[in-house]
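Examination of the molecular architecture
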Amino acid sequence: MTTVDDIDITDKAFWTQPLEDRQAGFALLRRERPIAFFPEPDFGGIPVGPGYWALTKHADVLEVSKTPEVWCSGRGSTSPTDFPPEMMEFFGSFIVMDDPRHARLRGIVSRRFTPKSLEKVLLDVQKIASELVDGIADRDEIDFVQEISAPFPLLIICDMMGIPRSEYQTVLDATNKILGGGDPEFFSGEDFMGEVVGAAMTLVQLVNELAEFKRKTPGDDLTTQLINAEVDDDVLTPQELGSFFILLAVAGNDTTRTALSHGMHYLTQNPDQKADWAANLDTLTTSAVEEIVRYAAPVVFMRRTATRDTVLSGHEFSEGDKVVMFYGSASRDEDVFEDPDRFDIRRTPNPHLGFGGPGPHFCLGAHLARRELSVMFRTLLERFPDIHATGDPVLLDPQGLPLVTGVKRLPVRLSA
Amino acid sequence: MKVRVDLDLCESHGVCEGHAPDVFHVGDDDVTVVLLPEPPPELHDAVRTAVSSCPKQAIFVTED
């Protein structure tokens, strides 16, 4: 019998367990130790800090997200470890910043991410979905990740930025390294950090070469908009553009890929719900997509750091204390969700935290992600109502606490 | 109750409209409009939910 003292979510072993066992571990934490202390991972060469507090309850994640003046992102948000600030910003752009720097950069980008600005991209989403689904139509079995869930968000982002499709594989490989959590499948050698930095440099070089080209030959794409100033418009510097592109390539790719893959797995486990959705595409798609995001929780965590002594749910924190918000756990909190471990495409209301909590860092791409998931599942269920997975998803094999719940492969059959 | 949306913070996620469609509307131009700046009491709970769930914390209310 596992007790709460046996749980160590910094340990690789926790993350290589089956998904159900991880969920059971978080359920135990929510029940017995909702704010639990864990040691920090050791990255070798970077000093190991004092440890972090894992937040597993919905209310605590909500409160921390909503009070950025108390719980800041600028001391790190994508790892419990304190990496050097310039390195964090290189990889994380404005998700590791606080206002006003965060607000300036996010403001430049967010104007391009409203539904109206994304109108052309959103039309492209259907085009690309149809293209990919046409491409598999004469096959019996596919690797769903390779044929559908990996290329789909990636092609959308490449088209959106104006990146030629010849660079598709380059962007995919770089993303896999950056978010691979050290999975040996994505690395050629032992120098894990070196390869991650190299992958990021590849993305920066790609987007800056593209920006050079777009300066001379403006196009109908996001890169052109982000670098070409109208009078009084603020634009991104080459360095800022590079880091933003790392963020976009990483955050905009892996998340949708993971949600699509997990979603297909859950629909296979729940054939009655798959049939229900396929028969009611117009009425169920919105709630089904929210449920997939709640259940899959593609982003595992984000970190915040206390800017002052403070109290959260009766727990006293000192300035400098680190908290790590576990979104998948918060989105299965028994105090908020009825029967939280039941996948239910008709669940409503569904105040999950899969896109993060309300606050300055709420997922900028939530519009786009929802559209991508809606369009792809509609297209698949219309064309192949009997589509189903024939095996379990092959999950990322992280070397420690991963940022994402990645899926590497999922065998899928298109007909009954 | 008086309701105001800070359009410098708002990113038009439309969550408020989902909770209180009589009070909030995200228009075709992506600008969130407050349809009822002084909503009747029966809508106050929905407005409070919209305030607390706004992804960008961009809605402000003054309670009477």
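Heads up: the structure comes first, above all this text.
Keep in mind that what you see is a predicted model, and the values were worked out from it rather than measured. Within every chain, residues take consecutive numbers counted from 1 along the sequence as written. Working convention: letters from A go to chains and numbers from 1 go to ligands, in the order in which they are written. A pLDDT threshold of at least 70 governs which residues receive local features in this predicted model, and a stricter bar of 80 or more applies before side-chain atom pairs are shown or counted, although totals over entire chains, interfaces and linings include all residues.

Segments assigned H or I by DSSP are reported as helices when at least four residues long, segments assigned E as strands when at least two residues long, and all are numbered from the N terminus. Helix and strand counts for chain B stand at two helices and four strands. For chain B, the N- to C-terminal ordering of α and β elements is β-α-β-β-α-β. On C-alpha atoms alone, chain B measures out to a radius of gyration of 10 Å, which is about the 11 Å that the 2.2 N^0.38 rule sets for 64 residues. Dimensions of chain B, computed from C-alpha atoms along their principal axes, come out at roughly 30 × 20 × 15 Å. Buried residues in chain B amount to 36% of all 64 residues. C-alpha atoms define the radius of gyration in this analysis, and the globule rule sets the expected value at 2.2 Å times the number of residues to the power 0.38. Counting other C-beta atoms within 10 Å of a residue's own tells you its class, since 20 or more makes it buried, 12 or fewer makes it exposed, and anything in between is partly exposed; those C-beta atoms are placed from the backbone.

Turning next to the overall build of chain A. When you go through chain A residue by residue, the secondary structure sums to 17 helices and twelve strands. In terms of overall dimensions, chain A is globule-like: its C-alpha atoms have a radius of gyration of 21 Å, near the 22 Å expected for 416 residues. Across its three principal directions, the C-alpha atoms of chain A cover 55 × 55 × 45 Å. By the burial criterion, 47% of the 416 residues in chain A qualify as buried. Contacts spanning at least 24 positions in sequence make up 72% of the contacts within chain A whose residues lie at least 6 apart. With C-beta atoms placed from the backbone, a contact is any residue pair whose C-beta atoms sit within 7 Å.

Residues and elements named next belong to chain A. We treat two strands as partners when DSSP finds at least two bridges between them. Taken together, the three strands give an open sheet; going across it, the order is β4-β12-β9, and neighbouring strands pair in antiparallel fashion. Lying at the two open borders of the sheet, with one neighbouring strand each, are β4 (141-143) and β9 (388-389). Where β9 meets strand β12 (residues 411-413), two bridges bridge the pair, whose relative direction is antiparallel. The residue bridging H388 from the neighbouring strand is R413, located in β12.

Now for the interface of chain A and chain B. Listed per partner, the contact involves ten residues of chain A and ten residues of chain B. Residues belonging to the side of chain A that touches chain B are distributed by class as follows: five nonpolar, three polar and two charged. Note on residue classes: Ala, Val, Leu, Ile, Met, Phe, Trp, Tyr, Cys and Pro are nonpolar, Asp, Glu, Lys and Arg are charged, and everything else, Gly too, is polar.

What follows is about the environment of E119 of chain A. With respect to the helices, strands and loops of the structure, E119 of chain A is situated in helix α6 (residues 119-136). Once the C-alpha coordinates of E119 of chain A and Q17 of chain A are considered, the two residues, 102 residues apart in sequence, prove to be 41 Å apart.

Moving on to helix α2 (residues 19-32) of chain A. Because each turn of an α-helix spans 3.6 residues, side chains separated by three or four positions in sequence point in the same direction. Residue and element names in this part refer to chain A. With 14 residues, α2 ought to run about 20 Å at 1.5 Å a step, and its terminal C-alpha atoms sit 20 Å apart, in line with that. Within the sequence span of α2, burial applies to R22, G25, F26, L29 and R30. Within α2, the buried residues cover an arc of 140° as seen down the axis, which keeps them to one side. Facing away from the buried side of α2 by more than 90 degrees, the exposed set consists of E20, D21, R31 and E32. Expected span of a helix: the number of residues minus one, times 1.5 Å. By definition, the arc is the one covered by directions from the helix axis to the C-beta atoms.

What follows concerns the packing of helix α15 (residues 281-296) of chain A against helix α17 (residues 366-383) of chain A. Residue and element names in this part refer to chain A. Axis geometry follows a simple rule: fit a line to the C-alpha atoms, using only the stretch in contact for helices, then measure angles between N-to-C directions, giving values from 0 to 180 degrees. Look at α15 against α17: their axes get within 10 Å of each other, and the N-to-C directions meet at 125°. Classified by the angle between their axes, α15 and α17 sit oblique to one another. Between α15 and α17 lies a crossing of right-handed hand. Across from L281, T285, V289 and I292 in α15, the residues of α17 making contact are R370, L373, S374, F377, R378, L381 and E382. Looking at side-chain class alone, the contact of α15 with α17 contains six nonpolar, two polar and three charged residues. Should an angle lie under 35 degrees it is considered roughly parallel, over 145 roughly antiparallel, and from 65 to 115 roughly perpendicular; all remaining angles are considered oblique. Crossings are sorted by hand: turned counterclockwise from the far helix by less than a right angle, the near helix makes the crossing left-handed, and turned clockwise it makes it right-handed.

Residue and element names in this part refer to chain A. Assignment of secondary structure puts F384 in the loop between α17 and β9. Placed 32 residues apart in sequence, F384 and A416 show a C-alpha to C-alpha distance of 9.0 Å. Ignoring anything within four residues of it in the chain, the contact list for F384 reads L414 and S415.

Glancing now at the pairing of strand β2 (residues 52-55) of chain A. Residues and elements named next belong to chain A. What you see with β2 is no split at all: Y52 and A54 on one side and W53 and L55 on the other are buried throughout. Pairing of strand β1 (residues 35-38) with β2 involves four bridges; the strand directions are antiparallel. Within β2, the position partnered with F38 by the bridge is Y52. Strand direction decides the pairing type here: β2 and strand β8 (residues 322-326), joined by three bridges, are parallel. Bridge assignment links A54 to a residue of β8, and that residue is V324.

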